[in-house]
Amino acid sequence: MAAFYFIFKSHYSEPISVENKSEVLELNTDGLYYAEFYDYIFRGHFEEIDVSRDDMQFLLIFDQYLRAYGAQCSGSLPTNKVQIMNEECATEEVTKNGWGDVISRVCVKYVWVGSGLYAKTALYEAYGEIDKIQRSKGLGTMMDMITDPNSMGNSVDMIHKTNGLKGDMLKIFKLNACGSTGLKRFEENLRLFALNKQSIRMEKASKYTTMKKSGGPTGDQNYHKLIDDLVYDQSKTWSFNRYTKGSISGVTTSSRDSEGRPMELSANYSFSGFSGNSKGSVRITFKNGLPKCIYFYDFPQNCKSPNSSIISSYAEGKYAN
């Protein structure tokens, strides 16, 4: 099924706090592409999450986490583990033209095949519920893609997010031990979020919530370095082009808010690709003094979310001149 992302605010009733205060729980998400999402799930702050349980994006995150855990943490799986299954084509319908050339292939029968990876039973069952939702939305999702005026930009963004997620799955179990209490809490709340149930809520606010409320720093900031870091982070998910780190130039502040903080920054940068070295431009919009959207010249209407860890560092004043 073709994937397309629809991001909107989740609506949950206020969950009950049942945190065990005698136990210190930590989940390290620093530097991860989806750091903010992981942290909100871990803390049980579902009301802060901008991804709905019935979004294709959530299914993708859930799927990749299960497979990464099965591959990297197999020794921490319980004895009642279940195998993760892949859907594969068993029978194709092939159409040929008058010269015998194949002009189309359509799968008419699918079968489930074991992947060789295993998952915790309760988590995999919750994943199955989300998978059913996506399958029921299949035709509607496809039609939305066809009628979307920014379908090309969103398709490219999907590739970027998928690459960013793959990078996360290579790092998260290095930042957090497979059997850690932090990961166990994350998994339990991941299951509850998938099932649309109340979370196990931590009282302490996420640093991402705190920074959004306090807003960005005032005074002179090193916007050159900020843009360089944001673009470099985005470039890690690019499929073909390679960003030339440190190439930011022509930084311009288009507008400022009442506290003198930028509302929009623009800059040029260099990158290498199929055509050799090239120039590009980027525009960054701000909300409450913090980077909100990154727009690249090739898809000027497609908002790319800045790295939450970089935003947090910026909010803490680490880019001050």
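Above this text you will find the structure in question.
Bear in mind the structure is a predicted one, so any value in this text is a computation, not a measurement.

Participant: Explain the packing of helix H1 (residues 35–43) against helix H6 (residues 181–194) to me, please; I cannot follow it from the model alone.
Facilitator: The angle between the axes and the distance between the axes are what describe a pair of packed helices. Packing of H1 against H6 leaves a shortest axis separation of 7 Å and a crossing angle of 90 degrees. By the angle between their directions, the pair H1 and H6 is classed as roughly perpendicular. For the pair H1 and H6, the contacting residues are Tyr38, Ile41, Phe42 and Arg43 in the first and Gly182, Arg185, Phe186, Asn189, Leu190 and Phe193 in the second. Here the residues of the contact of H1 with H6 sort into six nonpolar, two polar and two charged.

Participant: I would appreciate a short explanation of the packing of aromatic side chains in the present structure.
Facilitator: Two numbers describe a pair of aromatic rings. These are the distance of the centres and the angle of the planes. Summed over all chains, the structure comprises 24 aromatic pairs. An angle of 75 degrees between the planes, with centres 5.0 Å apart, marks the rings of Phe58 and Phe193 as edge-to-face. Taken as a pair, Phe58 in helix H2 (residues 56–72) and Phe193 in helix H6 lie far apart in primary sequence, 135 residues in all. Side by side, Phe58 and Phe193 carry an identical accessibility label, which is buried. Pairing Tyr65 with Tyr69 gives two aromatic rings, centres 6.1 Å apart and planes at 40 degrees, and the pair type is tilted. Here Tyr65 and its partner Tyr69 are both found in helix H2, four residues apart, which amounts to about one turn of the helix. Residues Tyr65 and Tyr69 agree in their burial class; the two are buried.

Participant: Just to check I follow, could you spell out the state of the cysteines for this structure?
Facilitator: Put plainly, a disulfide is one covalent bond tying together the sulfur atoms of two cysteines. This structure, assessed with the given rule, holds three disulfides. The disulfide that involves Cys73 links it to Cys178, with 2.0 Å between the sulfurs. Torsion about the S-S bond of the Cys73 and Cys178 cystine: about -65 degrees, corresponding to left-handed handedness. Of this pair, Cys73 sits in the loop between H2 and strand E1 (82–96) while Cys178 sits in the loop between helix H5 (151–175) and H6, placing them 105 residues apart in sequence.

Definitions and cut-offs
Residues numbered from 1 in each chain as written. Predicted model: local features only at pLDDT ≥ 70, side-chain atom pairs only at ≥ 80, totals over all residues. Heavy atoms only, no water. Axes fitted to C-alpha atoms, helices over the stretch in contact; angles between N-to-C directions. Helix = DSSP H or I, 4+ residues; strand = E, 2+ residues; numbered from the N terminus. Parallel < 35°, antiparallel > 145°, perpendicular 65-115°, else oblique. Contact = heavy atoms within 4.5 Å. Nonpolar A, V, L, I, M, F, W, Y, C, P; charged D, E, K, R; others polar. Phe/Tyr/Trp six-rings, centres within 6.5 Å; stacked < 30°, edge-to-face > 60°. Buried < 20%, exposed > 50% of the residue type's maximum accessible area, 1.4 Å probe, protein only. Disulfide = S-S within 2.5 Å.

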